[in-house]
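Structure assessment
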Amino acid sequence: MTTIDTPIQQDPHIVTELPGPRARAVIEQDERYSSPSLTRVYPLVVARGDGAVIEDVDGNRFLDFNAGIAVNAAGHNHPKVNAAIHAQVDACLHYCSSDFFHPSHAELVERLATSVPAGMGDARVFLANSGTEAVEGALKLARHHTGRPNVIAFYGAFHGRSLGSLSLTSSKAKYRSGFGIVTPGSYHAPFAYAAELTGADYIEQVLFHHMTEPGDVAAIFVEPIQGEGGYIVPPAGWLQALRDLCDRHGILLVMDEVQSGIGRTGTMWACQHDDVTPDIITAGKGLASGMPLSAIIARDTIMQWAPGKHGSTFGGNPVACAAALATMDLVDDELAANAAARGEQLMAGLRALQERFPIIQEVRGRGLMIGFDLVDHDMAVAFEQACFERGVLSLTCGKRGVRLAPPLVITEAQCDRALEIIADACEAVTR
C-alpha cells in the first residue's frame, strides 16, 4: 500500500483480487451498520484520488469514468479547487446564509446568475445542498409564482428521492414503492424515446385532454439530456416544442441540469446545445467538484418570494461556495472545451468498437455525458462488472444502458486506455 504522499500514477493497475483484503474489512464494517437502502454497484473502497484516477485501500488503481455520478467535475485533488477550499476553511468554515451574509455566497450567486442563457434575462439564485433539494425548491417556487397546483415530468426521469422530487422521479418503480402518496398533482409524459407520441405532443393531446387543464399546470420539469433513464439525447426541436407549449399556456419550463450542467456536455448548460431558454434551472453534482452544493437559478421576475418562504441552514456554505467558484473558473477556462474534445474522441472510439462488437448498440451523448446500450440488462450489469475488474469505473443506466461520465479533466491518453479496456470487457461478456 502506498502512502498518501506518494503521487498516484495516472493509469489503471489492478494488484489484488477485487475486493482486496483491506476493502473486504471496510465493506464488512459498513454493511453491518449503514442503511440497507444504499445501493453499491461493485465493491470499490476508495482511499484517494487524483485527476481522473481512483486508488482503493488495497492499492488498486481505476480510471474513474463515473466521477462520483458526475460530481467530481474538476477531477480529484485539483490544486486550484483544493487551494480555494483550504483558504476558506482557514477564514471561516460556516455561517448560515439564510440569516447572514458572506463574500463567497455573494460572489457565487452573481456568477451563477450571469452564467445562464441570455434569454433568461436578469436572474436570481438560491443555494442548497443537493440536487433533490434544488428540485424541491424549484417545485415550491413554481407553485408559488403561478398559483397553480400541478406539475408535469417525464417517464425515465430522475429528479431526486425526497418526497417532492420523488413525485417527479419515474426512472425506477422501486424508488416510490412503500412510501404511500407522494405529492399530488404530478403527471408524466413519455420522454424522447422511439415512440409515436412523446413530449409536448403527448402533453397537449393526452394529459391536457384527460388529466389536467393547462391552466392548472405550474411547471414542466425536464432533463435536457435524461440521466439515469438512459443518457437519452432528445432530437432537434423536441425541447423547443416544450418551450413553445409552456409559452402558449403560461407554464414555467424547469431544466433539471443537476447532472448535465457545469460544463459536462461541453457548454455550461446542456440546454444551450438546443438554444432553448428555461425559466428555472436546477444545478448540483459537479457545481462544487465534490462539496455538497446545489442551486436554483430563476428569472428575476419569478424568484420573488417573501423572506422566510424558503431557506437552508447549510445551503451556500462558504467552503462549498469557494469550491464552486474555483470549479466555474476551470470550466470557463478549459474544462468545458476539454469535455467537448474528449467527448468526440470517446464517441468516435465507441462507434468504432460498435463495428467490432454487435453487443454495443446506439452510442449517444454530448461532451462527457455518454451512453450506449447493450443487448439486455443482464449484459449491461456484467459489462459494468467486467470494466471494474479491468480498472474502469462505469455505471449502468436505463433498461440496458451504460453511462460514461468521467471528470472533465480526463486526458486523451486516458480515454484511449479506457476504450482498450472497454473492448476487453466486451470480449469478456461475449465469450
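Values in this document were obtained by computation on a predicted structure and should not be read as measured data.

1. A word on the overall build of the chain
- From N to C terminus, the chain includes eleven helices and 15 strands.
- In the chain, buried positions account for 56% of the 431 residues.
- In the chain, the proportion of contacts linking residues at least 24 apart, taken out of those at least 6 apart, comes to 74%.
- Total accessible area on the chain stands at roughly 18,300 Å², and carbon and sulfur atoms take up 52% of it.
- Once the 33 positive and 50 negative side-chain charges of the chain are each reduced to a mean point, those two points are 4 Å apart.

2. Some thoughts on the sheet that holds strand β12 (residues 369–373)
- Spatially, β11-β12-β15-β14 is the arrangement adopted by the four strands of the open sheet, whose pairing is antiparallel. Two strands in the sheet have a free side with no partner beyond their single neighbour: β11 (361–366) and β14 (395–397). Neighbouring strand axes in the sheet, compared pairwise and without regard to direction, differ in orientation by 30° on average.
- Of the strand pairs in this sheet, β11 and β12 are connected by four bridges, and their pairing is antiparallel. Considered in β12, the bridge of arginine 366 is made with methionine 369.
- Those strands touched by helix α9 (residues 318–356) are β11, β12 and β15 (401–404), and its axis lies near 175° from that of β11.

3. Some words on unusual backbone geometry
- With an omega dihedral of -5°, the bond running from leucine 18 to proline 19 counts as a cis peptide bond.
- A positive phi angle is found at alanine 67, which is not glycine, with a value near 50°.
- As for its position among the elements, alanine 67 is in helix α2 (residues 67–70).

4. Looking at the nonpolar core
- Ranked by internal contacts, the top residues of the largest apolar core, which has 97 residues, are Leu112, Ile203 and Phe383.
- Of the residues forming this core, the biggest block, 17 residues, is contributed by α9.
- For isoleucine 203, the residues in contact, after removing those within four places along its chain, are Ile152, Phe154, Ala189, Phe208, Ile220, Leu242 and Leu245.
- Of all hydrophobic cores here, the second largest spans 22 residues; its members include Val151, Leu252, Ile296 and Trp305.

5. Quick notes on the packing of aromatic side chains
- Enumeration over the complete set of coordinates arrives at nine aromatic pairs.
- For the ring pair tyrosine 42 and phenylalanine 388, a centre distance of 4.6 Å and an interplane angle of 10° mean the geometry is stacked. You can see tyrosine 42 sitting in the loop between α1 (21–33) and β1 (46–50) and its partner phenylalanine 388 sitting in helix α10 (residues 377–390), a full 346 residues away along the chain.
- What makes phenylalanine 388 buried here is its relative accessible area of 0%.
- Chaining the aromatic ring pairs together yields one cluster made of Phe154, Phe191, Tyr193 and Trp238.

6. A look at the pattern of salt bridges
- Scanning all chains against the criterion turns up 18 salt bridges.
- When the shortest N-O distance is used, the salt bridge between arginine 111 and aspartate 332 registers 3.1 Å. Pair noted here: arginine 111 is in helix α4 (residues 103–113) and aspartate 332 is in helix α9, with a separation of 221 residues, a long-range link.
- A salt bridge links arginine 299 to aspartate 279, with the nearest nitrogen and oxygen atoms 2.7 Å apart. Taken together, the positions of arginine 299 in strand β10 (residues 294–299) and aspartate 279 in the loop between β8 (252–256) and β9 (280–283) put the pair 20 residues apart, joining distant regions of the chain.
- With relative accessibility at 19%, the residue arginine 299 sits in the buried group.
- Overlapping salt bridges bring together Arg243, Asp247, Asp279 and Arg299 as one network.

7. Structural notes on the side chain of arginine 264
- Position of arginine 264 relative to the elements: it lies in the loop between β8 and β9.
- In terms of polar contacts, arginine 264 uses its side chain to reach the backbone carbonyl oxygen of proline 406, at 3.0 Å.
- Setting aside anything within four residues of it in sequence, one finds arginine 264 in contact with Ala67, Ala70, Gln259, Ala339, Arg366, Gly367, Leu368, Met369, Ala405, Pro406, Pro407 and Leu408.

8. Comments concerning helix α8 (residues 238–249)
- Counted at 1.5 Å a residue, the expected span for α8 with its twelve residues is 16 Å, and the 17 Å between its end C-alpha atoms agrees.
- Every buried residue of α8 is listed here: Trp238, Leu239, Leu242, Arg243, Leu245 and Cys246. Taken end-on, α8 shows its buried residues confined to a sector of 160°, consistent with a single buried face. Among the exposed residues of α8, those oriented more than 90 degrees off its buried face are Asp247 and Arg248.
- Residues of α8 that are buried sit in contact with β5 (150–154), α7 (199–210), β7 (217–222), β8 and β10.
- Just downstream of α8, glycine 250 is the residue with a positive phi angle, here 70°.

9. Some points on the state of the cysteines
- Per the stated rule, a full pass over the model turns up zero disulfides.
- Here cysteine 321 is not cross-linked by a disulfide; its sulfur's nearest cysteine counterpart is in cysteine 92, at 11 Å.
- Between cysteine 397, a free cysteine, and cysteine 387, which holds the nearest cysteine sulfur, the sulfur-to-sulfur gap is 13 Å.
- Taking the relative accessible area as the measure of exposure, cysteine 397 reaches 2% and is therefore buried.

Cut-off values and rules
- Residues numbered from 1 in each chain as written.
- Predicted model: local features only at pLDDT ≥ 70, side-chain atom pairs only at ≥ 80, totals over all residues.
- Heavy atoms only, no water.
- Helix = DSSP H or I, 4+ residues; strand = E, 2+ residues; numbered from the N terminus.
- Buried < 20%, exposed > 50% of the residue type's maximum accessible area, 1.4 Å probe, protein only.
- Contact = heavy atoms within 4.5 Å.
- Areas by Shrake-Rupley, 256 points an atom, 1.4 Å probe, with all protein chains shown as cover.
- Lys, Arg positive; Asp, Glu negative; His and termini not counted.
- Charge placed at Lys NZ, Arg CZ, Asp CG, Glu CD.
- Pairing = 2+ DSSP bridges.
- Axes fitted to C-alpha atoms, helices over the stretch in contact; angles between N-to-C directions.
- Core = buried A, V, L, I, M, F, W, Y, C linked by side-chain atoms within 4.5 Å.
- Phe/Tyr/Trp six-rings, centres within 6.5 Å; stacked < 30°, edge-to-face > 60°.
- Salt bridge = Lys/Arg side-chain N within 4 Å of Asp/Glu carboxyl O.
- Polar contact = N/O pair within 3.5 Å; in protein donor to acceptor, adjacent residues only side chain to side chain.
- Expected span 1.5 Å × (residues − 1).
- Arc of directions from axis to C-beta.
- Disulfide = S-S within 2.5 Å.

Bear in mind that shape data such as this cannot, by itself, settle questions of function.
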